Each structure stands twice: as C-alpha cells, then as structure tokens.
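# Coordinate analysis (summary)
The lines below spell out each chain.
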Amino acid sequence: MPLSEGISPVQGADVHGPTAVIKSVAKIDHLRTGGTLLNQKFSPDFFADETAIGKVASLVRGYFRLDGHHIQFNVVSADTLRKAQEMPEHYRDLIVRVAGYSDYFNDLGKDLQDEIIRRTEHAEVTG
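Residues numbered from 1 in each chain as written. Predicted model: local features only at pLDDT ≥ 70, side-chain atom pairs only at ≥ 80, totals over all residues. Heavy atoms only, no water.

## Looking at the packing of aromatic side chains
Formally: The aromatic pairing rule takes the rings of Phe, Tyr and Trp, using the six-membered ring of Trp, and pairs them if the centres are within 6.5 Å, calling planes under 30 degrees apart stacked, those over 60 edge-to-face and the rest tilted.
Overall, the coordinates contain five aromatic pairs when judged by the stated rule. Note on Phe42 and Phe47: the rings are 6.2 Å apart at their centroids and 70 degrees apart in plane angle, and the pair reads as edge-to-face. An aromatic cluster is present here, built from Phe42, Phe46, Phe47 and Phe73 joined pairwise through their rings.

## Describing helix H3 (residues 78-86)
To keep it simple, the criterion reads: Between buried and exposed lies partly exposed: a residue is buried under 20% and exposed over 50% of the maximum accessible area for its type, with that area taken using a 1.4 Å probe on protein chains only. Each helix is a run of H or I in the DSSP string that is no shorter than four residues. Each strand is a run of E no shorter than two, and both are numbered from the N terminus. Directions are taken from the helix axis to each C-beta atom, and the arc is the one they span.
Every buried residue of H3 is listed here: Ala78, Leu81 and Ala84. Looking straight down H3, one finds that the buried residues subtend no more than 115 degrees of arc, so they occupy a single side.

## A look at the confidence of the model for the chain
Note the cut-off: Each residue gets a pLDDT score, which is the predictor's confidence in that residue and runs from 0 to 100.
This prediction gives the chain a mean pLDDT of 87; 93% of its residues lie at or above 70. The secondary-structure element of the chain with the lowest mean pLDDT is strand E5 (residues 121-122), recorded at 71, while H3 shows the highest, at 95.

## A few points about the pairing of strand E1 (residues 38-42)
Quick reminder of the rule: Strand pairing follows a simple DSSP-based rule, namely that at least 2 bridges must link the two strands. Seen with its strands pointing away from the viewer, a crossover is right-handed when the path leading from the first strand over the helix to the second is clockwise.
Extensive coverage of E1 is indicated by the burial of five of its five residues. Here E1 shows two buried faces, one formed by Leu38, Gln40 and Phe42 and the other by Asn39 and Lys41. In terms of strand pairing, E1 meets strand E2 (residues 71-75) through five bridges, oriented parallel. In the strand pairing of E2, Gln40 is matched with Phe73. Viewed along the sheet, the connection from E1 through helix H2 (residues 52-65) into E2 turns out right-handed. Here E1 runs beside E5; their pairing, made up of two bridges, is parallel. Bridged to Phe42 within E5 is His122.

What follows is the structure in structure tokens.
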C-alpha cells in the first residue's frame, strides 16, 4: 500500500488544510532534492464560490514564496471517482493527476484508482 505520492501527506493525514500542507512541505530544501511533487485535491463544491480561484491562486503564490517548486491539483470528488469505477463507460474522459503526470482514470489499475480516491479532498483554503 503506497504511503504517499511525492512529498504529499499520507492519505488522510492532512487534516489542517492545504495551507498547513504547503507550510509543512516548504520546510524541505527543494533545491537539494532534484525535484519535488505535491498533489492537492479539492472538492468541486469548493469552486461554487467566485472567491475560490483567488484563494487557490494565493495558495500557489504562497507556496512559491516559501520556495516550493511543484504543486498540482485534482478537482474531483471521491464520489465521482467511485462512480467512475462502477460505470467506466460513463466517465471515459475523466482525467486525474496521478504523481507528476495525468492519465485517464479508467486506464489506471484499481489499486491506483483506490489510492487517488483516498487522498484528502479539501473543501476550503484557510489561513
């Protein structure tokens, strides 16, 4: 069972939100690693509010100001991913970030699909 992908927290361990995650992983000297990968997953409901884009932009800018190097996002609910497993014919175009690359969700093996489903799904950016 995978612990995590890249420098992302172990699935379910990032209980204090994405801002706490970037503050934590920014403590790493990214220049000495040869490259780092941070995945974040947001609920689509988060983007129902017009201010969401600004919040995510501030999150990314803050990460880079802390000398973070690479951050990528999935904006999909775990419920949608489970439905895609049950009825793949209805989700042929569903693409997800895996770990440094994107792929069609239904082309991934079940173990990897389950790992992506288990990733923490953030519903807000706090500060």
